[in-house]
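The residues making up each chain are set out below.
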Amino acid sequence: MKNKFFDKSAEETLKALNTDKQSALTQVEAEKRLKEYGENRLEGKKEKTIFQMFLEQFKDFLVIILIVAAVISILLNEVLDGSIIIAIVIINAVLGVTQENKANNALKALKEMSSPQSKIIRDGQIVKINSDQIVPGDIVVLEAGDYVPADVRLVESMNLKIDEAALTGESVPSEKYADKILPSDAGIGDLANSAFMGTVVTYGRGLAVVVNTGMNTEMGNIASMLNETEEGPTHLQKRLDSFGKLLGIACLVVCALVFVLGLILKMDLLEIFMTSVALAVAAIPEGLTVVVTVILTMGMQKMVKRNAIIKKLSAVETLGSTTVICSDKTGTLTQNKMTVVKVFDTQNEFEVSGTGYKKEGEIITQNGEKISENARKLVEGAVLCNDSSYLPAEGKIIGDPTEGALVVLGEKVSMNKDELNKKYPRINEIPFDSDRKLMSTLHEIDGKFTMYTKGAPDEVLARASYIYKNGEIQKITEEDKNKISEANAKYASQALRVLGVAFKIFDTKPDNLDNAEADLIYTGLLCMIDPPREEAKDAIAICKKAGIDVKMITGDHKITATAIGRELGIIDEGHGAVDGKELNLMDDLQLREKVKTTNVFARVSPEHKVRLVTAIRDNGNIAAMTGDGVNDAPSLKRADIGIAMGITGTDVSKEAADMILTDDNFASIVSAVEEGRVIYNNIRKVIGYLISCNVGEILLILFAMILQFVDHNLTVPLVAVQLLAINLITDAFPAFALGMEEKEDGIMNMKPRDPNEQLLDKKMIISVVFQSIALAVGSLASFLFGFYVVGPETASTFCFVTLVFGELLRSYSARSEKRTLFSMKIFSNSFLNKSVLFSLAFLLITVYVPFLHDVFSTTSLSLVNLVIAVIFSVLPVIGGEIAKVVTKDM
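All of these numbers come straight from a predicted model, not from anything done at the bench.

Can you tell me about the overall build of the protein chain, naming the residues and giving the values?
When you go through the protein chain residue by residue, the secondary structure sums to 32 helices and 27 strands. In the protein chain, which comprises 890 residues, the proportion classed as buried is 55%. When contacts within the protein chain are restricted to residue pairs at least 6 apart in sequence, long-range pairs at least 24 apart make up 71% of them.

A description of unusual backbone geometry should follow, citing residues and the corresponding values.
We note that N18 has phi near 55°; this positive angle belongs to a residue other than glycine. For K437, which is not glycine, the phi torsion reads 60° and is therefore positive. For K437, the position within the fold is in the loop between β15 (426–433) and β16 (438–445).

Kindly report on the sheet that holds strand β9 (residues 324–327), identifying the contributing residues and their values.
In spatial order, the strands read β8-β27-β26-β25-β9-β22-β24-β23; together these 8 strands make up an open sheet with mixed pairing. Two strands close off the open sheet at either side, each with one partner strand: β8 (308–310) and β23 (577–579). Between one strand axis and the next, the sheet turns through 20° on average, direction left out of account. As paired elements, strand β26 (residues 641–645) and strand β27 (residues 659–661) share 3 bridges and run parallel to each other. Each residue of the ladder has a partner; that of M645, found in β27, is L661.

Go over the packing of aromatic side chains, please, and point to the residues and values.
Inspection of every chain in the model, using the stated rule, returns 10 aromatic pairs. Relative to F503, the ring of Y452 lies with its centre 6.2 Å away and its plane at 50°, an arrangement referred to as tilted. Here the residue Y452 occupies a position in strand β17 (residues 448–455), and F503 occupies one in strand β20 (residues 497–506), the gap between them amounting to 51 residues. Comparing Y452 with F503 shows no difference in burial state: the two are buried. Summarising the aromatic geometry, the rings of F842 and F856 are spaced 6.1 Å apart at their centres and angled 85° between planes, so their arrangement reads as edge-to-face. Pair noted here: F842 is in helix α29 (residues 830–848) and F856 is in helix α30 (residues 853–856), with a separation of 14 residues, a long-range link.

Which residues make up the pattern of salt bridges, and what are the values?
This model, assessed by the stated rule, comprises 38 salt bridges. Between D480 and K469 there is a salt bridge; the shortest N-O distance is 2.8 Å. Of this pair, D480 sits in helix α17 (residues 478–493) while K469 is found in strand β18 (residues 464–469), placing the two residues 11 residues apart along the sequence. Residue classification places D480 among the buried positions, given a relative accessible area of 9%. Look at K469 and you get buried, because its relative accessible area is 16%. A salt bridge links K596 to E593; the shortest N-O distance between them is 3.1 Å. Taken together, the residues K596 and E593, both in helix α21 (residues 588–597) and 3 residues apart, mark about one turn of the helix.

A description of helix α32 (residues 874–886) should follow, citing residues and the corresponding values.
Across its 13 residues, α32 extends 19 Å between first and last C-alpha, which sits within 8% of the 18 Å expected from 1.5 Å per residue. Listing the buried residues of α32 in full gives P876, V877, G879, G880, E881, A883 and K884. Taken together, the buried residues of α32 touch α27 (762–790), α28 (792–813) and α31 (863–872).

Tell me about the side chain of Q708, and please be specific about residues and values.
Examined against the element boundaries, Q708 turns out to sit in the loop between α25 (666–707) and α26 (720–738). What makes Q708 buried here is its relative accessible area of 3%. Non-local contacts of Q708, meaning those with residues more than four positions away in its chain, are made with L265, M267, L714, T715 and V716.

Kindly report on the packing of α28 against α32, identifying the contributing residues and their values.
One way to put it is that α28 packs onto α32 with a least axis distance of 8 Å and a crossing angle of 30°. When the axes of α28 and α32 are compared, the pair comes out roughly parallel. Every pair of crossing elements has a handedness; the one defined by α28 and α32 is right-handed. Between α28 and α32, the contacting residues are G806, L809, R810 and S813 on the first element and P876, V877, G880, E881 and K884 on the second.

So what's going on with the pairing of strand β22 (residues 549–553)? Which residues, and what values?
In terms of burial, β22 is a largely internal element, 4 of the 5 residues being buried. Judged from the 4 bridges that link them, β9 and β22 form a sheet pairing that is parallel. Within β22, the residue paired with S327 across the bridge is M552. As defined by bridge partners, β22 adjoins strand β24 (residues 600–602) across 2 bridges and the pair is classed as parallel. By the bridge assignment, I553 is partnered in β24 with F601.

Describe the confidence of the model for the protein chain, and please don't skip the residues or the numbers.
Averaged over the protein chain, the pLDDT score is 84; the fraction of residues at 70 or greater is 89%. Summarising per-element confidence for the protein chain, the mean pLDDT is lowest in helix α8 (residues 223–226) (46) and highest in α31 (96). This stretch, residues 224–230, has a pLDDT under 50; its non-local contacts, to residues over four places away or in other chains, come to 9 contacts.

Give me the packing of α17 against helix α19 (residues 558–568): which residues, what numbers.
Interaxial distance between α17 and α19 falls to 7 Å at its minimum, and their mutual angle equals 20°. Taken together, α17 and α19 sit at an angle that is classed as roughly parallel. Considering the relative orientation of α17 and α19, their crossing is right-handed. Contacts between α17 and α19 involve A489, A492 and S493 from the former and I559, T560 and A563 from the latter. For the contact of α17 with α19, the per-class residue count stands at 4 nonpolar, 2 polar and no charged.

Please set out the pairing of strand β7 (residues 200–212) residue by residue, giving values where relevant.
Across a regular strand the side chains alternate sides, sitting on one face of the sheet and then on the other. Counting buried residues in β7 gives 10 out of 13 residues, a clear majority hidden from the surface. Across 5 bridges, strand β3 (residues 139–143) lies against β7 in antiparallel orientation. Residue pairing in the sheet places V140 in a bridge with A208 of β7. For strand β4 (residues 151–163) and β7, the ladder comprises 10 bridges, and the chain directions are antiparallel.

Just give me the short version of the side chain of S465, but keep the residues and values in it.
Considering the arrangement of structural elements, one finds S465 in strand β18. Take S465: its relative accessible area is 18%, and that puts it in the buried class. A polar contact of 2.7 Å, which involves the side chain of S465, links it to the side chain of D519.

Explain a nonpolar patch on the surface to me, and be specific about the residues and the numbers.
Together, L760, I765, V769, F770, I773, V777, L809, V874, L875, I878, I882 and V886 make up a nonpolar patch on the protein surface, roughly 850 Å² of accessible area in all. Counting through the fold element by element, V886 comes out in helix α32.

I'd like to hear about the environment of V867, residue by residue, with values.
Along the chain, the position of V867 falls in helix α31. Exposure remark for V867: the relative accessible area of 42% places this residue in the partly exposed category. Considered as a pair, V867 and T802 are 65 residues apart in the sequence and their alpha carbons are 9.8 Å apart.

What counts, and at which threshold
- Residues numbered from 1 in each chain as written.
- Predicted model: local features only at pLDDT ≥ 70, side-chain atom pairs only at ≥ 80, totals over all residues.
- Heavy atoms only, no water.
- Helix = DSSP H or I, 4+ residues; strand = E, 2+ residues; numbered from the N terminus.
- Buried < 20%, exposed > 50% of the residue type's maximum accessible area, 1.4 Å probe, protein only.
- Contact = heavy atoms within 4.5 Å.
- Pairing = 2+ DSSP bridges.
- Axes fitted to C-alpha atoms, helices over the stretch in contact; angles between N-to-C directions.
- Phe/Tyr/Trp six-rings, centres within 6.5 Å; stacked < 30°, edge-to-face > 60°.
- Salt bridge = Lys/Arg side-chain N within 4 Å of Asp/Glu carboxyl O.
- Expected span 1.5 Å × (residues − 1).
- Parallel < 35°, antiparallel > 145°, perpendicular 65-115°, else oblique.
- Left-handed = near helix turned anticlockwise from the far one by under 90°.
- pLDDT = per-residue confidence, 0-100.
- Nonpolar A, V, L, I, M, F, W, Y, C, P; charged D, E, K, R; others polar.
- Polar contact = N/O pair within 3.5 Å; in protein donor to acceptor, adjacent residues only side chain to side chain.
- Patch = residues over 30% accessible without salt bridge, like charges linked within 9 Å, V, L, I, M, F, W, Y side chains within 5 Å.
- Areas by Shrake-Rupley, 256 points an atom, 1.4 Å probe, with all protein chains shown as cover.

What follows is the structure in structure tokens.
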């Protein structure tokens, strides 16, 4: 039943839901309500059943061809061969369903991991939980960039604006007011005291009590419109599907040629038909797309372990092509543990001891003097004009790290934020935004009203008419301004982040704060540092070797950005940084040239980010872009790979991104790019292996039939059932195993691949030619040895054993396109070892178990003959190794 509270006051709503905005619900009560109301999620599309997935495996036209062939075989009284074809199709379908189900479960788990989180109050503490665990009565903290997780009634609002376009179609954000009470017949577009699931906070902040969840929300009414569209095949999968069909058709043409040759040689019509059918079964790579999908999905799971959640399969293949990574600085290239290290009160400089989020430390001058009255006023403003919270027992900050550092600074001089807020309550505010680069809050202090403002030092200084000196308010002079500007430049050149703080006193409470940020009283500068991550330096060095440019795009001062860029090795000798003002003076053509040589961009706005990533892509690059704010969403969408921060990122940025970093660490991006390269290389290995095996089998039959023109007594080297068995033994399991190969040494020393390169490029074609010919020649030689030396009745078994052994041994050579077999750890892929052992066991059973001889047309071989057959199987491996030498420099 849907609850409606827009016609009641905030207090009445809280009372009706048996909650309050300070302590909210207890965890025990929340769990009780979760059982009562269910999870806060919309009902999606009905998932496909296992049976439906099984039926879909038979839609492929190549599989249909095989089924038709099986039916014809049975009608021609070849029940065994027809049954085996059907069995193989069914086994392939079962394998396909198993892997698809695993892939679906993996993707489902990844979606759970990347599901939006919300800040709520539980047991009196602000905590983050998955949005689907929210219940009616929960108190939600709303800030710019957050998705509203459920339908809520506002209980507090500060300049709150919410984009409700997803629900109402209104393009302009709606202003929200907690203190409004609306008539009971108000329409959804007029509910200024409420907010709804799926809408986005664009400005300000607020507290709200959850009134409806899940399908009881307004969005629940139109849930069918919000169901996620199933992701289509990736570019690579489409190319593979087309390639597979083309190869299948080519194979069918060859099979028809074999059939014609059989007719010319006056072979038994049924025998030649069954051989052609079996050859088609062996040659058609019907499982190629399934194998690749599984490899991509497993790659996504591997990336999770490396702190990267990939939301789309297409992103996995694109990662391997990345040529430019555009990264924010704070928290990604740095540790995101801001610490105030200097305080400048416009006259004196103070050193601040202590590191990170530990409150131990103090503020002293170089002469050992304690903090001045001026400095105390400066710190007081920084603590009050602040939206972050500090948990000293856990050494954690909830909120922005920069603001968190200021709260910790306050603790060092006994200014507890919660106590200050109670003493001097906040009664209004102007939230921070990236255009003004300022934040202001209004407080009642000693009967008057004081507005504290903090932000970029130059922006604060531009609005200052006064300065606070020796506990007095004085008119600011040009000398004061120059001294502050020089200090700001000095600190910024030391890679310190600098904030300016000012205040303004009103005798009476202002009706609003429009245009209030003028004639400010400057109190000084706060300098903090966010040290670079050590692993980021190493990751940037790896990128340079891998041919990947790293560009730092930050809102920080140009001098600060340059200092950090040099320390991390991003800025090359002879090149500097470019700031937002310079970007504004460039047209698109000039910007395209500038991004070729510049790696650090400072004081950028969200609009600049979009222009930058567009210019980088227009130069033919594959660009990855990081972001965390609501305003970063356009640039994340514009990039080839949008990367959102999992810790500091807003829900909007996570929704817009293709990838989410769970640790906000630049090194994790590089790890993901590396994994993307590994996945693509493994896909190439699988394709090369399957094609060379399939083509080798076709050439074997073709060569043997040509030889029959010379010796009419020769038979076909392999009967239909043997070809079918080889298809099952050597294609499925070793191919999956090759997709699980670990990375090869030096993979990040190669240049990024061209995303438009053909899968079957010159290198792979040469490799396939060498290997398939070697496989055909080795198997044919074994067949001829068996036919002429041992006896015609053993010839087929000789060929069968050689071909299976040859393809299985070839799978070890296929583990690398470059390294020779003996330059790698041959048996390091345990899954391949198991696959090969299983396949060999199957082969030996068919050869040495008497009652299977009739089924597979085999005979038992002596140990000597078995060894001889295996020796012939080494030839395909030699062919594969020669191909590596020939294509080494390609």
